[in-house]
Amino acid sequence: GQQVMQIPQYQHVQEGEDFTTYCNSSTTLSNIQWYKQRPGGHPVFLIQLVKSGEVKKQKRLTFQFGEAKKNSSLHITATQTTDVGTYFCHSGGYQKVTFGTGTKLQVIP
Amino acid sequence: DVKVTQSSRYLVKRTGEKVFLECVQDMDHENMFWYRQDPGLGLRLIYFSYDVKMKEKGDIPEGYSVSREKKERFSLILESASTNQTSMYLCASSVDRGYGYTFGSGTRLTVV
């Protein structure tokens with residue numbers, strides 16, 4: 001299937017710092033989904049973006065879908081230790097698109 | 001909340017054994033998926049199903065088969081387990097194409 005590329009692969013931040021992960025595709029996506037997987041856990045669905053240029057917020061998390069629907073970002077403001085985990089992007093729908101390889105976030109207290 | 005239940009959390013099997021991984025969802029979802037997760041390789045799609053008795057190959061179907069006789073149950077079968085199939089297996093379901101997935105807790109399979 002088509003692949004979405006995620007960067008960075010790893011990120012260490014001091015607690016209180018901001019964090020951003022990016023998801024890029026070479027083709028237009030019908031939507032973008034974001035998931036979080038805590039260490040030892042399974043991926044949990046966070047949000048889905050569908051419209052070009054869409055921005056959604058969940059508390060300290062801000063999700064954006066690019067104007068061309070080829071990229072997306074997840075930004076966490078003032079990270080906390082509870083934000084530790086791996087964040088994956090994925091595009092669902094009729095396209096067979098694989099999950100991104102994820103960004104592993106470590107938060108240093 | 002939708003619940004996706006995988007029959008075993010940990011499983012140890014011998015090389016050559018036939019292995020069944022079971023997945024059941026309780027919210028009448030049309031779509032079900034099997035992924036394997038390996039360090040550095042992310043989530044890779046093995047098989048998926050958009051309806052009862054139908055199945056489609058994902059990116060890495062070799063060595064696996066699936067069965068979906070009832071809407072709520074999607075089984076992954078390793079016909080003859082090999083050590084390179086040692087992995088975390090994750091089942092997921094979604095209400096329709098283009099909707100978010102609900103994952104099960106995963107089965108960590110070790111083939112010795």
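Notes on the structure follow. None of these values were measured; they are calculated from a predicted model.

## Some details on the overall build of chain A
Item 1. When helices and strands are counted, chain A shows zero helices and 10 strands.
Item 2. Along its sequence from the N terminus, chain A presents helices and strands in the succession β-β-β-β-β-β-β-β-β-β.
Item 3. Classification of the 109 residues of chain A by burial places 47% in the buried group.
Item 4. Long-range contacts, defined here as pairs at least 24 residues apart, represent 55% of the contacts in chain A between residues at least 6 apart.
Item 5. As presented, chain A carries roughly 5300 Å² of accessible surface, and 52% of it is formed by carbon and sulfur atoms.
Item 6. Across chain A, the mean location of the 11 positive side-chain charges is 10 Å away from that of the 6 negative side-chain charges.

## Concerning the interface of chain A and chain B
Item 1. Each partner contributes to the interface: chain A provides 19 residues, whereas chain B provides 21 residues.
Item 2. Summing both sides of the interface, chain A and chain B together bury roughly 1600 Å²; the carbon and sulfur share of this comes to 54%.
Item 3. Taken together, the connections running from chain A to chain B amount to four residue pairs in polar contact (both at pLDDT 80 or more).
Item 4. At the level of elements, β4 (32-37), β5 (44-49) and β9 (85-90) of chain A are the ones that each hand at least two residues to the side of chain A that touches chain B.
Item 5. Element by element, the count of residues in the side of chain A that touches chain B is highest for β4 of chain A, at three residues.
Item 6. Of the residues contributing to the side of chain A that touches chain B, the split by class is six nonpolar, 12 polar and one charged.

## Considerations on the sheet that holds β9 of chain A
Residues and elements named next belong to chain A.
Item 1. Ordered in space as β2-β10-β9-β4-β5, the five strands form an open sheet in which the pairing is mixed. Each edge of the open sheet carries a strand with a single partner, namely β2 (10-14) and β5. Sheet twist, expressed as the average angle between the axes of neighbouring strands with direction ignored, equals 20 degrees.
Item 2. Where β4 and β5 come together, five bridges link them in antiparallel fashion. Opposite W34, over in β5, you have I47 as the bridge partner.

## Comments concerning unusual backbone geometry
All names here are of chain A.
Item 1. For the bond from I7 to P8, the omega torsion is -5 degrees, close enough to zero to count as cis.
Item 2. With respect to the helices, strands and loops of the structure, P8 is situated in the loop between β1 (5-7) and β2.
Item 3. Non-glycine residue K69 carries a positive phi angle of around 60 degrees.
Item 4. Its place among the elements puts K69 in the loop between β7 (61-65) and β8 (71-76).
Item 5. Its identity is not glycine, yet A78 carries a phi of approximately 50 degrees, on the positive side.
Item 6. Following the sequence through the fold, A78 ends up in the loop between β8 and β9.
Item 7. Given a relative accessible area of 31%, A78 falls into the partly exposed group.

## A short note on the environment of K70 of chain A
Residues and elements named next belong to chain A.
Item 1. In this fold, K70 is placed in the loop between β7 and β8.
Item 2. K70 gets classed as partly exposed once you look at its relative accessible area, which sits at 33%.
Item 3. Each C-alpha atom of the pair K70 and G40 lies 31 Å from the other, and the pair is 30 residues apart in sequence.
Item 4. The contact partners of K70, leaving out residues within four places of it in the chain, are C23, N24, S25, S26, T27 and T28.

## Here we look at the state of the cysteines
Residues and elements named next belong to chain A.
Item 1. The full count for this structure, using the stated rule, is two disulfides over all chains.
Item 2. A sulfur-sulfur distance of 1.9 Å marks the disulfide that ties C23 to C89. In this structure the cystine formed by C23 and C89 twists about its S-S bond by roughly 75 degrees; its chirality is therefore right-handed. You can see C23 sitting in strand β3 (residues 19-24) and its partner C89 sitting in strand β9, a full 66 residues away along the chain.

## Let's talk about the packing of aromatic side chains
All names here are of chain B.
Item 1. Counting across every chain of the model gives 18 aromatic pairs over all chains.
Item 2. Taking the centre distance of 6.4 Å and the plane angle of 45 degrees together, the rings of Y35 and Y101 count as tilted. Here the residue Y35 occupies a position in strand β5 (residues 31-38), and Y101 occupies one in the loop between β10 (87-94) and β11 (102-103), the gap between them amounting to 66 residues. By the burial criterion, Y35 is buried, and Y101 matches it.
Item 3. Its guanidinium or amino end placed over the ring of Y10, R9 lies 5.7 Å from that ring's centre, counting from NZ or CZ.

Calculation criteria
- Residue positions within a chain follow its written sequence, with the count starting from 1.
- Chains carry letters from A onward and ligands carry numbers from 1 onward, assigned in written order.
- This being a predicted model, a pLDDT of at least 70 is required before a residue's local features are given, and a value of 80 or more before pairs of side-chain atoms are given or counted; all residues contribute to the totals for chains, interfaces and linings.
- Only hydrogens and water are set aside when side-chain values are computed; all heavy atoms of the structure are taken into account.
- Helix and strand assignments follow DSSP, with helices taken as H or I runs no shorter than four residues and strands as E runs no shorter than two, numbered in order from the N terminus.
- For each residue, the accessible area found with a 1.4 Å probe, counting protein chains only, is set against the maximum for its type, and the residue is called buried under 20%, exposed over 50%, and partly exposed in between.
- It only takes one pair of heavy atoms within 4.5 Å for two residues to be counted as in contact.
- Here, Shrake-Rupley sampling with a 1.4 Å probe gives the accessible areas, and only protein chains in the shown set may cover a residue.
- When charges are tallied, Lys and Arg are placed among the positive residues and Asp and Glu among the negative ones, while His and the ends of the chain are skipped.
- A charge is said to be at NZ when it belongs to Lys, at CZ for Arg, at CG for Asp and at CD for Glu.
- By buried area we mean how much accessible surface two parts lose on assembly, using a 1.4 Å probe and totalling the loss over both.
- Counting of polar contacts relies on pairs of N or O atoms within 3.5 Å, with two restrictions inside protein: one atom must be capable of donating a hydrogen and the other of accepting it, and residues adjacent in sequence are counted only when both atoms are side-chain atoms.
- When residues are sorted by character, Ala, Val, Leu, Ile, Met, Phe, Trp, Tyr, Cys and Pro go into the nonpolar class, Asp, Glu, Lys and Arg into the charged class, and all the rest, Gly among them, into the polar class.
- Between any two strands, at least two bridges found by DSSP are needed for them to pair.
- What counts as an axis is a line fitted to C-alpha atoms, over the stretch in contact for a helix, and the angles between N-to-C directions run from 0 to 180 degrees.
- Criterion for a disulfide: a pair of cysteine sulfur atoms within 2.5 Å.
- Only Phe, Tyr and Trp rings take part, Trp by its six-membered ring, and two of them pair if their centres are within 6.5 Å. Stacked means planes under 30 degrees apart, edge-to-face means over 60, and tilted covers everything else.
- Whether a charge lies above a ring is judged from NZ of Lys or CZ of Arg, which has to be within 6 Å of the ring centre and within 35 degrees of the ring normal.

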